[in-house]
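# What the coordinates show
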Amino acid sequence: MATLGPRQLSNGLEPHPKRQRTSPSPPPLPSSQDGRDFLNDCLPDDDEDATSSQPAMVHWKRPPPPKLDPSSDPLVFQQIDIDYYVGASTVPGMPGMGTGPVPVLRMFGVTSDGNSVCSHIHGFLPYFFVPAPRDFSTQHCATFRSALNTAVMGDLRSSRDNIREAVLAVEMCRKSSIYGFYFNEMSDFLRVTVSLPKLVAPARRLVSCISVPPFGQIDYQVYEANIDFEVRFMVDTGVVGCSWIELPAGKYRFRNQSQTCGTGTLIGGGGASEMKPHPPVTRCQIEVDVSYEDFISHLQEGEWQAIAPVRILSFDIECAAKKKGAFPEAQRDPVIQIANVAVLQGETEPFVKNVFTLDTCAPIAGTDVRVFAPETKLPKYEAELRMSEAELRKYEAELRKYEAELRKCETQLLKEWAEFLQELDPDIITGYNIVNFDLPYLLNRAKALKVDSFPYLGRVRDSRTTMRDSTFDSRAYGKRVNKIISIEGRIQFDLFQILLRDTKLRSYTLNSVSYHFLGEQKEDVHHSIITDLQKGNEQTRRRLAVYCVKDAVLPIRLLDKLMCLINYMEMARVTGVPLAYVLSRGQQIKVVSQLLRKAREKDLLMPVHKSEAQEEYAGATVIEPSRGYYNIPIATLDFSSLYPSIMQAHNLCYTTLLFKSTDRERLTPDQYIRTPSGNHFVKSSVRKGLLPEILEDLLSARKKAKAELKEEKDSFRRKVLDGRQLALKLSANSVYGFTGANVGKLPCIEISQSVTSFGRQMIDQSKNLVERKYCVANGYPFDAKVIYGDTDSVMVRFGVGTVAESMELGREAAEMISATFPHPIKLEFEKVYFPYLLINKKRYAGLFFTRPETHDKMDCKGIETVRRDNCRLVARLIDTCLHKLLLDRNQTTHCVCQTEISDPLQPRVDISQLVISKELTRTSGSKEYATWT
DNA sequence: GTTTCTACCTAA
DNA sequence: TAAGTTAGGTAGAAAC
């Protein structure tokens, strides 16, 4: 699938009419302190074309959409956002027709030619299940529906919003619960369909309150009543996040290409009643209607793995506080600049680079400067003492006039920026902290200036962009307070939030992040001088604009380097959730999405979990460390993907869990297992668990990523592939976490405690096996000893003196031990540490060898050097100590240490006793000093 | 002056 | 509403 190049983009497009080139030949760029023009690195110069009246970076409209004939041409696009709205019923032959408002799903996406698409999807309705009462039959469905409908409608009272029917259908079906093994037997369930997603909650609550004769009131366990509507839809229609969607010819209907769809066929089957086409409601180039039963979601194979030429806009704003150095307030302080950079996914050069400036600004090479300047100039201010009263009054009047004009300019700037955004029509909006700063500031500022046309940044024309606060509290990510900004159809891909989620850095300023990932500093304009630069002249404002543009360029470059978009799209595809979920939600929803898909294939239902206080359960073993400095090689053996492999090997799943001893009695002993924690599960020969299947999928995807990693030469792309395989591993690991999630969608302590109990048993067994085999009694020169181990690893001192010998024994031992465990459990030799400093549980360091010749790196775990809750100086000091201890063993320091390390096997040096008194840490100039004892 | 609890962060 | 897990080190405050 070819991506769209800039050449095609500009084809036939006029430059933006409002744009005025500020100068035909830009003056020289200002230089940074070291004399190097730091911007040349990222801003391509278009000087060669300086005399042209159509400079680069001004064509931002999308290519014109092709003329499609819906009766013969399919419409194919990559969907990037899915949501729903409540609208009037439009599709004939669907349940709920004519009963009032119905939910309509919406897919936003991009075609391979770079056209934006919105597809309204009709006819899909929310539902949930309850077990059918004993002796229930189809003839009872109507009574049941009516009783529940009455209850829900009564519950709605004043908030009915024209809803005429709440419960649309009650049907019988054969299903089984996912939770527990019931001999593969199906039983009768009732599928309750309601007219709107928001009615699921009251219906689910009231279903246990109604009395349906002759069954009476029943306290139902409800199933799948807690599934997000989008996820429900995607699971049922086989759509995964960011998949390619094909609307076959004859199955969809245009809203905005009246010239090509004059007599389009009706959606939902050849009824005689010709429908009037709906007018378009979005700003997408192609807007269509389709039935939820009539589209194809392509599996991510072959050409359907491609990524459409998605438009990414990065922007950054500058605002100037009235008071120097104060934090700007949108109520009072103006937005003085907005820089915008746009690229197509897959390309490195931006096709738009501009900056909106309040007041004049000198030209910047390669950047379209759009000036919003007042006619009058800022009046010259002389020191008060020198001005006469008349002069002062005149000055103040001029100042007021100037400021009023400036306000008008700012209003215009905001207005035109919103228009620019709509014309550019980005699929992805990025930047640095845009969600919690730039966007709220712009929205608040537009409100303060009464720019009524501003807060319409989404793709739905009349839908206002709104803001609200939300808190995200998870044990894994901690508590986070964020703004939620509604920009329908565009994904807010805030790089700051992404880095906060995916990385653990000491500092998250754009500057330090750029340095960390791009090896490049951005020279910060300190916020205290922004106001002065703005109050200066067109050159000082230009300087500010250059920084502003750079702040918009950097997120794009970071996004590209870290391959964030691709990785997130991959994650959405693998786990099946919408792209936006990967950014804004936790791990659980991904597991739920996968679980629901697998369950659906087998007619299994997920119960709604009633949250009650869960018991705590035991986790992993940490082998008591034999603390010390080891001057001989230590081999490390690891179980790869321990918990996932345990779940696979022992078929641990909701669907294989045996609750009652009476159930076990119906099985032969070879049909089930007892886990070390005393729980029982049927073997895969009886029924294969869903969780093991999901894990197989994830781990095979990981294998693929690792294979690609092996082929990849570019070091940064290697890191990215490494990141992907790590993400898949994390996803696989979170399957275990999901079953143990205390406040979760479906915790199952039997599974999680069985997993950890197997793990404990395995690490014990590995320790025993290796120590029992590699001993003097068996003819080996030394008694091997496991000096440490944590969860899935054992560190073995074989006693041999060389890395090569240690590796040889390590490989052999790993193979020997692996053979004692069922597939796919595998203990692998991973590395040798030599020398190795074992300080404490979860605190150690060593030189890391994967080949006998040279060490790969110095590996530090849990020590101050890798922790972020101490000052950098402490980390550096400890790092130096570790270098001296591990690397310069025969240097001066060695002597210092040597007095304490007489016998390498007898620990003397305990680095944890190096106490650093942080109070004595001080800073002088650019250097830090520490006093330590 | 010791023990206990809490916050924070990391290992796996 | 939605939020992966337990084990465990270290530092400093609070409790005894």
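Since the structure is predicted, the reported quantities are computational estimates derived from the model, not experimental observations. Each residue is numbered by its place in its chain's sequence as written, counting from 1. The naming scheme follows written order: chains are lettered A onward, ligands numbered 1 onward. Owing to the predicted nature of the model, reporting of local features is limited to residues with pLDDT of at least 70; listing and counting of side-chain atom pairs is limited to 80 or more, with chain, interface and lining totals taken over all residues. Neither water nor hydrogens contribute to the side-chain values; these are computed over all heavy atoms in the structure.

For the rest of this paragraph, the subject is the sheet that holds strand 13 (residues 311-319). The six strands are arranged 16-15-14-13-17-20 in an open sheet whose pairing can be described as mixed. Either end of the sheet is taken by a strand with one partner, and the two such strands are strand 16 (368-372) and strand 20 (491-494). For this sheet the average axis-to-axis angle between neighbouring strands, irrespective of direction, equals 20°. Whether two strands pair depends on DSSP finding at least two bridges between them. We count a stretch as a helix when DSSP gives it H or I for four or more residues in a row; a strand needs E for two or more, and each element gets its number in order from the N terminus. Strand direction decides the pairing type here: strand 15 (residues 352-358) and strand 16, joined by five bridges, are parallel. Only the stretch in contact is used when fitting a helix axis, every axis being a line fitted to C-alpha atoms; angles between N-to-C directions are given from 0 to 180 degrees.

Take the buried Ala, Val, Leu, Ile, Met, Phe, Trp, Tyr and Cys residues and link them wherever side-chain atoms come within 4.5 Å; each set so joined is a nonpolar core. Burial here depends on accessible area, computed with a 1.4 Å probe over protein chains only, as a share of the maximum for the residue type. Under 20% is buried, over 50% is exposed, and the range in between is partly exposed. Grouped together as the largest cluster of nonpolar side chains are 134 residues, with contacts concentrated most on Ile178, Phe493, Tyr654 and Phe798. Here this core takes 11 residues from helix 11 (residues 538-562), the largest share from any one element. Two residues qualify as a contact provided that any one of their heavy atoms is within 4.5 Å of a heavy atom in the partner residue. Among all residues touching Ile178, those that are not within four sequence positions of it are Leu595, Ala599, Leu604, Leu605, Met606, Pro607, Tyr654, Thr655, Leu690 and Leu746.

The cutoff for a nearby residue is simple: one of its non-hydrogen atoms must lie within 4 Å of the molecule or strand. Lining the immediate environment of DNA strand B, one finds Lys504, Asp790, Thr791, Asp792, Lys842, Tyr844, Lys861, Gly862, Val866, Arg867, Arg868 and Asp869. Of all DNA strand B atoms lying within 4 Å of any protein atom, the proportion belonging to sugar or phosphate reaches 85%. Take Asp792: an N or O atom from its side chain is 2.2 Å from a sugar or linking oxygen of DNA strand B. Side-chain atoms alone can form a polar contact between residues adjacent in sequence; in general such a contact is a pair of N or O atoms within 3.5 Å, and within protein one must be able to donate a hydrogen while the other accepts it. Separating a base nitrogen of DNA strand B from a side-chain N or O atom of Lys842 is a distance of 3.1 Å. Of the residues that constitute the surface near DNA strand B, the class distribution is two nonpolar, two polar and eight charged. Ten residues, namely Ala, Val, Leu, Ile, Met, Phe, Trp, Tyr, Cys and Pro, are considered nonpolar, four, namely Asp, Glu, Lys and Arg, are considered charged, and the remaining ones, Gly among them, are considered polar.

So, on to the sheet that holds strand 21 (residues 604-605). Read from one edge of the open sheet, four strands run 4-6-5-21, paired in mixed fashion. Both edges of this open sheet fall to strand 4 (127-131) and strand 21, since each of them pairs with a single strand only. Sheet analysis places strand 5 (residues 167-177) next to strand 21, joined by two bridges and oriented parallel. Each residue of the ladder has a partner; that of Ser177, found in strand 21, is Leu605. Contacts from helix 2 (residues 141-156) reach strand 4, strand 5 and strand 6 (187-194) within the one sheet, and its direction differs from that of strand 5 by about 120°.

Turning our eyes to something else, we now look at the protein's contact with DNA strand C. Looking at DNA strand C, there are 26 residues lining it, with Arg475, Gln587, Gly619, Arg843 and Arg867 nearest. Of what DNA strand C places within 4 Å of the protein, 77% of the atoms are sugar or phosphate. Gly586 places a main-chain nitrogen or oxygen 3.2 Å from a phosphate oxygen of DNA strand C. At 2.8 Å, a side-chain N or O of Arg843 approaches a phosphate oxygen of DNA strand C. Only strand 18 (467-474) and helix 18 (715-740) provide two or more residues apiece to the surface near DNA strand C. Taken together, the residues of the surface near DNA strand C break down into eight nonpolar, 10 polar and eight charged.

There is a patch of like positive charges on the surface, built from Lys322, Arg407, Lys450 and Lys535. Residue Lys450 is classed as exposed on the basis of its relative accessible area, which comes to 65%. Every patch collects residues that have over 30% relative accessible area and no salt bridge, joining them within 9 Å if they carry like charges and within 5 Å if they are nonpolar side chains (Val, Leu, Ile, Met, Phe, Trp, Tyr). Only the protein chains shown count as covering a residue, and every accessible area follows the Shrake-Rupley method with a 1.4 Å probe. In the sections that follow, a salt bridge refers to a side-chain nitrogen of Lys or Arg positioned within 4 Å of a carboxyl oxygen of Asp or Glu. Under the counting rule used here, the positive set is Lys and Arg, the negative set is Asp and Glu, and His together with the chain ends is not counted. Positions of charges follow a simple convention, taking NZ of Lys, CZ of Arg, CG of Asp or CD of Glu.

Next up on the list: the side chain of Ser176. The topology assignment puts Ser176 in strand 5. Residue Ser176 is classed as buried on the basis of its relative accessible area, which comes to 4%. Polar contacts involving the side chain of Ser176 include one to the main-chain carbonyl oxygen of Glu185, which spans 3.4 Å. Setting aside anything within four residues of it in sequence, one finds Ser176 in contact with Tyr182, Glu185, Met186, Phe189, Asp603, Leu604 and Leu605.

Tallied over the full model, the rule gives 46 salt bridges. A salt bridge links Arg106 to Glu488, with the shortest nitrogen-to-oxygen separation between them at 3.4 Å. Of this pair, Arg106 sits in strand 2 (residues 101-110) while Glu488 sits in the loop between strand 19 (478-485) and strand 20; the two residues are 382 residues apart in sequence, bridging distant segments of the chain. For Arg106, a relative accessible area of 4% corresponds to the buried category. For Glu488, a relative accessible area of 23% translates into the label partly exposed. Among the salt bridges present, the one from Glu812 reaches Lys773, with a minimum N-O distance of 3.5 Å. Residue Glu812 is found in helix 20 (residues 803-818), and its partner Lys773 is found in helix 19 (residues 749-773); the two are separated by 39 residues along the sequence. Judged by relative accessible area, which is 27%, Lys773 ranks as partly exposed.

Take helix 7 (residues 434-448) next. The axis of helix 7 is deflected most strongly, by about 30°, at Pro440. Of all 15 residues in helix 7, 11 are buried, a share of seventy percent or more. The set of residues buried in helix 7 consists of Ile434, Val435, Asp438, Leu439, Pro440, Tyr441, Leu442, Leu443, Arg445, Ala446 and Ala448. Directly after helix 7, the chain includes Lys450, whose backbone phi takes a positive value near 55°. Note that bend, as reported per residue, equals the angle between axes fitted to the 7 residues terminating at that residue and the 7 residues originating from it.

Before going further, it helps to examine the pairing of strand 4. Buried residues dominate strand 4, accounting for four of its five residues. In this sheet, strand 6 lies alongside strand 4 in antiparallel orientation, the contact comprising five bridges. Opposite Pro131, over in strand 6, you have Phe189 as the bridge partner.

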